[in-house]
Amino acid sequence: MKWSIIGSGGFVASRHFKAIKEIGDKVILTCDIDETKLADFRSYEVMMQSEKWKEVGGVAICAPNNWHYQMCEAIKDKIVICEKPLTLSSKEALKLPDNVFTVLQLRYHPEVIRLKNELKGKHKVDLVVKVKRDKSYWNSWKGQKVLSGGIIFNLGIHYFDLLIYLFGDDYKVYKHSQSDNKAKGRIKFKNADVNYYLEIMPNDNGQDRYLEIDGEKISLSKQDNLSFEDLHTKVYQDLLKGGGVQPKEAVKSIKLVEKLK
């Protein structure tokens, strides 16, 4: 298949380039509004009018979060893989068709797959996510809540989706508090009582991402970005097999974040 990448100049886009190459496909069109980035087009709308667009079978969207819905909705006749969060509202997510998929790569983490197969009964769970972000993060769109959704959308959506994936979407939020760089609270699922703590730090002292389930600590990553776990290729491979996370599934964690907000 031939692909286009929107937001092709960013760090996450590099993971999509790599994954597309590893599944034997090819990127033939790129788009990025940053004039310092090498791209075929500055506007995705103009790109969609090009002759080469007709050859494209799949589109990867790596643009700022607030653009996701508009871009996904505009692409009707191709496979769309959109970075998380799929949208910044559940109403928007529910409007999207089944040609759209989102990247929630923790579902493909080996430890998560193991837990999914092994977990039974009720559990006491602690979720801890502490990652480094420098000034460039806060100075970019990611540091602007209206564009990124803030810490619980831009960072937390991975982990709230993970909790729903493991424990279901029957839950009650007992408490939640947050600032620009921290969020913590408690969610009680049918079979799990979860305390969560998210923090964006200025350095990598104590950086970690893990679940602790009934005293067993399960590391998800010690890197400052989940992309280093190289799970994007598994996302694409699953899509080729007829799988993937569609809007009706992705909306579950979006609804949870809306309740926390």
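Residues numbered from 1 in each chain as written. Predicted model: local features only at pLDDT ≥ 70, side-chain atom pairs only at ≥ 80, totals over all residues. Heavy atoms only, no water.

Student: Outline helix α9 (residues 157–167), listing residues and values.
Tutor: Think of an α-helix as 3.6 residues a turn; residues three or four steps apart then line up on the same face. Across the eleven residues of α9, ten count as buried, placing the element largely inside the fold. All of the buried residues along α9 are I157, H158, Y159, F160, D161, L162, L163, I164, L166 and F167. Taken from the residues just after α9, G168 is the one with a positive phi, measuring 90°. (Buried < 20%, exposed > 50% of the residue type's maximum accessible area, 1.4 Å probe, protein only. Helix = DSSP H or I, 4+ residues; strand = E, 2+ residues; numbered from the N terminus.)

Student: How would you sum up helix α1 (residues 11–22)? Please name residues and give values.
Tutor: Taking 1.5 Å of rise per residue, twelve residues should cover 16 Å, and α1 covers 17 Å from first to last C-alpha, within 8% of that figure. The complete set of buried residues in α1 reads V12, A13, R15, H16, A19 and I20. One side of α1 carries all its buried residues, which in axial view fall inside an arc of 150°. Those residues of α1 that are buried are in contact with β1 (2–6), β2 (26–31), β3 (58–61), β4 (79–82) and α10 (232–240). Count one or two residues on from α1 and you reach G24, which has phi positive near 90°. (Expected span 1.5 Å × (residues − 1). Arc of directions from axis to C-beta. Contact = heavy atoms within 4.5 Å.)

Student: Mind laying out the pairing of β1, listing which residues take part and the relevant values?
Tutor: Along β1, four of the five residues are buried, which leaves the element largely enclosed by surrounding structure. One ladder, built from five bridges, connects β1 with β2; its direction is parallel. Bridged to K2 within β2 is K26. Between β1 and its parallel partner β2, the chain crosses via α1, and the hand of that crossover is right-handed. Where β1 meets β3, four bridges bridge the pair, whose relative direction is parallel. When the sheet's bridge partners are listed, S4 is paired in β3 with V59. (Pairing = 2+ DSSP bridges. Right-handed = clockwise from strand over helix to strand, strands pointing away.)

Student: Summarise the sheet that holds β1; cite the residues concerned and give the values.
Tutor: Within the open sheet, the five strands sit side by side as β2-β1-β3-β4-β5. Their pairing is parallel. Across the chains shown, the open sheet's two edge strands, defined by having one partner strand only, are β2 and β5 (100–102). Put simply, the sheet's adjacent strands are angled 25° from each other on average, direction ignored. The strands touched by α10 within the sheet are β1, β3, β4 and β5, with β4 carrying the most contacts at an inclination of about 155°. (Axes fitted to C-alpha atoms, helices over the stretch in contact; angles between N-to-C directions.)

Student: How would you summarise the sheet that holds strand β8 (residues 182–189) if you had to cite specific residues and measurements?
Tutor: Pairing is mixed across the open sheet formed by six strands, whose spatial order is β7-β8-β9-β6-β10-β11. Of all strands in the sheet, those with a lone pairing partner are β7 (171–178) and β11 (216–221), marking the two edges. Neighbour to neighbour, the strand axes of the sheet diverge by 15° on average, direction disregarded. Inspection of the sheet shows strand β10 (residues 208–213) paired to β11 by five bridges, in the antiparallel sense. In the sheet register, Y210 faces β11, and the bridge partner there is S219. This element, helix α11 (residues 247–260), spans β7, β8 and β9 (192–201) of the sheet and lies at about 55° to β7.

Student: Tell me about the pattern of salt bridges, residues and numbers included.
Tutor: Counted under the stated rule, the structure contains twelve salt bridges. Of the charged contacts in the structure, one is a salt bridge between E22 and K18, with a shortest N-O distance of 2.7 Å. On the criterion of helical spacing, the pair formed by E22 and K18 is a turn pair, its members being four residues apart in helix α1. K217 is paired through a salt bridge with D208; the nearest N and O atoms lie 3.4 Å apart. One network of salt bridges, with partners in common, ties together R107, D161, E249 and K252. (Salt bridge = Lys/Arg side-chain N within 4 Å of Asp/Glu carboxyl O.)

Student: Explain empty space enclosed by the protein residue by residue, including any values.
Tutor: Where empty space is left becomes clear once a probe the size of a water molecule has been rolled over the atoms. Within this structure, the stated rule accounts for one cavity of 30 Å³ or more. Reported here for the largest cavity is a volume of approximately 40 Å³. If you trace the largest cavity, you find it lined by K84, P85, L86, T102, L104, I157, A250, S253 and I254. Tallying contributions element by element places α11 first for the lining of the largest cavity, with three residues. A breakdown of the residues in the lining of the largest cavity according to their chemical character gives six nonpolar, two polar and one charged. (1 Å grid on protein atoms, 1.4 Å probe; cavity = no way out; pocket = protein on both sides within 12 Å on 5 of 7 lines; lining within 4 Å. Points joined across faces, edges and corners; volume = space filled by probe spheres on them. Nonpolar A, V, L, I, M, F, W, Y, C, P; charged D, E, K, R; others polar.)

Student: Quick one: what's the story with the side chain of Q246, residue by residue and with numbers?
Tutor: Mapping Q246 onto the fold places it in the loop between α10 and α11. Only 2.9 Å separates the side chain of Q246 from the backbone oxygen of D98, close enough to count as a polar contact. Residues in contact with Q246, not counting those within four places in the same chain, are D98, V100 and F101. (Polar contact = N/O pair within 3.5 Å; in protein donor to acceptor, adjacent residues only side chain to side chain.)

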